[in-house]
Amino acid sequence: MDKSQVYALSRAILVVLWIGIAAAFLVPTEGLAGRILRGTGGLLAVAHLTEYALFHKRIRALPEGRIVGFVMNFFFGLFYWSRPNAGVGEP
């Protein structure tokens, strides 16, 4: 697999995960799966907000702009701003 395929697969997995997390918050259940998804959502939110705080200059420099950069980083994190052809320099 080349880097662009890994990026596409990672993004697809994260989209499915975020849909599951949103469903767990919108339709609260007392089951284990709901608790795991809500916990995972909380951990991802904290991790991506921390990531934005640490790499905000790099993310804001992307051609998509500040708001889109923040939203995309929140949902995709490292897979967004370090993707192939992201328009950023070497890490």
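Scroll up to find the structure this text is about.
Because the structure is predicted, anything quoted here is derived from the model rather than measured.

1. Some remarks on the overall build of the protein chain
When helices and strands are tallied, the protein chain shows four helices and zero strands. From first element to last, N terminus to C terminus, the protein chain shows the α and β order α-α-α-α. Long-range pairs, those at least 24 residues apart, make up 47% of the contacts in the protein chain with a sequence separation of at least 6. Accessible surface, the protein chain as shown: approximately 6,100 Å² in total, 71% of it carbon and sulfur.

2. With respect to the nonpolar core
Judged by nonpolar contacts, Leu 14, Tyr 52, Ile 59, Leu 62, Met 72, Phe 76 and Tyr 80 together constitute the single largest core of seven residues. Mapped by element, the contributors of at least two residues to this core are helix H2 (32–60) and helix H3 (66–76). Beyond its immediate stretch of four places on either side in the chain, Met 72 contacts Arg 11, Gly 77 and Tyr 80.

3. A few points about the packing of H2 against H3
Relative orientation of the contacting elements H2 and H3 amounts to 140°, with a least axis distance of 9 Å. As far as their axial angle goes, H3 and H2 are oblique. Judged by the sense of rotation from one axis to the other, the crossing of H2 with H3 is right-handed. Two secondary-structure elements touch here, H2 through Ala 45, His 48, Leu 49, Glu 51, Tyr 52, Ile 59 and Arg 60 and H3 through Arg 66, Gly 69, Phe 70, Asn 73, Phe 74, Phe 75 and Phe 76. Tallied by class, residues from the contact of H2 with H3 come to eight nonpolar, three polar and three charged.

Parameters at a glance
- Residues numbered from 1 in each chain as written.
- Predicted model: local features only at pLDDT ≥ 70, side-chain atom pairs only at ≥ 80, totals over all residues.
- Heavy atoms only, no water.
- Helix = DSSP H or I, 4+ residues; strand = E, 2+ residues; numbered from the N terminus.
- Contact = heavy atoms within 4.5 Å.
- Areas by Shrake-Rupley, 256 points an atom, 1.4 Å probe, with all protein chains shown as cover.
- Core = buried A, V, L, I, M, F, W, Y, C linked by side-chain atoms within 4.5 Å.
- Buried < 20%, exposed > 50% of the residue type's maximum accessible area, 1.4 Å probe, protein only.
- Axes fitted to C-alpha atoms, helices over the stretch in contact; angles between N-to-C directions.
- Parallel < 35°, antiparallel > 145°, perpendicular 65-115°, else oblique.
- Left-handed = near helix turned anticlockwise from the far one by under 90°.
- Nonpolar A, V, L, I, M, F, W, Y, C, P; charged D, E, K, R; others polar.

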